[in-house]
Amino acid sequence: MKRLLSSKGVTAIEVVLSTGLLLVLLIPFYGFLYTGIKSYQAIETRTNHQQNLRIALEAIAWDLRHCTGLVETAANVRLDEHNLLLVNSQQETIWYYLSGEDLRWAVKKKADTRFQAHNPVAGGITDLRFRYNRYPPSHSTQVTILIEGMDKLGRVYRLSSTIALRVDSSDAWRWK
């Protein structure tokens, strides 16, 4: 019986040809893999940023839906398009405002003279505005929240929501 393979091994030409053939087959797959990873990272960045804005909007909306009224002024802060002042069921005044690119939340208990905590709610926010449907704003029955953010690639995202307050607007002024 004849041997099909020689005992000498593989020649250099066979190694070069097989390596070249392998590279020709693998380079396109690497390109597809690289493109897929870059696309995934871009989508993940975009999704995370949009999710962050949505969380900020939902936090404010939740407090607005459960508040007992809006406040015109509290501890030298005025209710305006950049500041939201509301009263919760525990008679605490809640303040939402933008500090740099962070949405912050602070609380002032009824007996206190200053706001405490100033906790960050969400980051990456470039603009935060509140619009009220009545003047003075503390008598409003609806608040529109406008949030804008920009991701690292310079894409701008905007979210807005109008919240109807579950309070009698004629009572809201009493919480000053």
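Note: the structure precedes this text.
In short, a report on the structure. (Residues numbered from 1 in each chain as written. Predicted model: local features only at pLDDT ≥ 70, side-chain atom pairs only at ≥ 80, totals over all residues. Heavy atoms only, no water.)

**Examining the overall build of the protein**
Secondary structure assignment for the protein yields two helices and 10 strands. Counting helices and strands in the order they occur from the N terminus, the protein gives α-β-β-β-β-β-β-β-β-β-β-α. When each of the 176 residues of the protein is scored for burial, the buried share is 31%. Summing over all exposed atoms, the protein offers an accessible surface of approximately 11,700 Å²; the carbon and sulfur share of this is 57%. (Helix = DSSP H or I, 4+ residues; strand = E, 2+ residues; numbered from the N terminus. Buried < 20%, exposed > 50% of the residue type's maximum accessible area, 1.4 Å probe, protein only. Areas by Shrake-Rupley, 256 points an atom, 1.4 Å probe, with all protein chains shown as cover.)

**Description of the pairing of strand β6 (residues 102–108)**
Both faces of the sheet carry side chains from a regular strand, because those side chains alternate between them. Bridge analysis of strand β5 (residues 93–99) against β6 gives seven bridges, and the strand direction is antiparallel. Bridging across to β6, Ile-94 finds its partner in Val-107. Sheet topology places β6 next to strand β7 (residues 116–122); four bridges connect them, and they run antiparallel. Across the sheet, the residue bridging to Val-107 is Gln-116, located in β7. (Pairing = 2+ DSSP bridges.)

**Quick look at the side chain of Asp-63**
On the secondary structure map, Asp-63 appears in helix α1 (residues 12–65). One buried charged residue, Asp-63, forms no salt bridge at all, with the nearest opposite charge on Arg-65 at 9.6 Å. Ignoring any residue separated from it by four or fewer positions in sequence, one finds Asp-63 in contact with Leu-86, Ile-94, Tyr-96 and Trp-105. (Lys, Arg positive; Asp, Glu negative; His and termini not counted. Salt bridge = Lys/Arg side-chain N within 4 Å of Asp/Glu carboxyl O. Contact = heavy atoms within 4.5 Å.)

**Observations concerning the sheet that holds strand β4 (residues 84–87)**
Think of a sheet as strands paired side by side through backbone hydrogen bonds, with each pair either parallel or antiparallel. With respect to topology, five strands assemble into an open sheet ordered β1-β4-β5-β6-β7, the strand pairing being antiparallel. Looking along the sheet, the strands with just one partner apiece sit at the ends: β1 (69–70) and β7.

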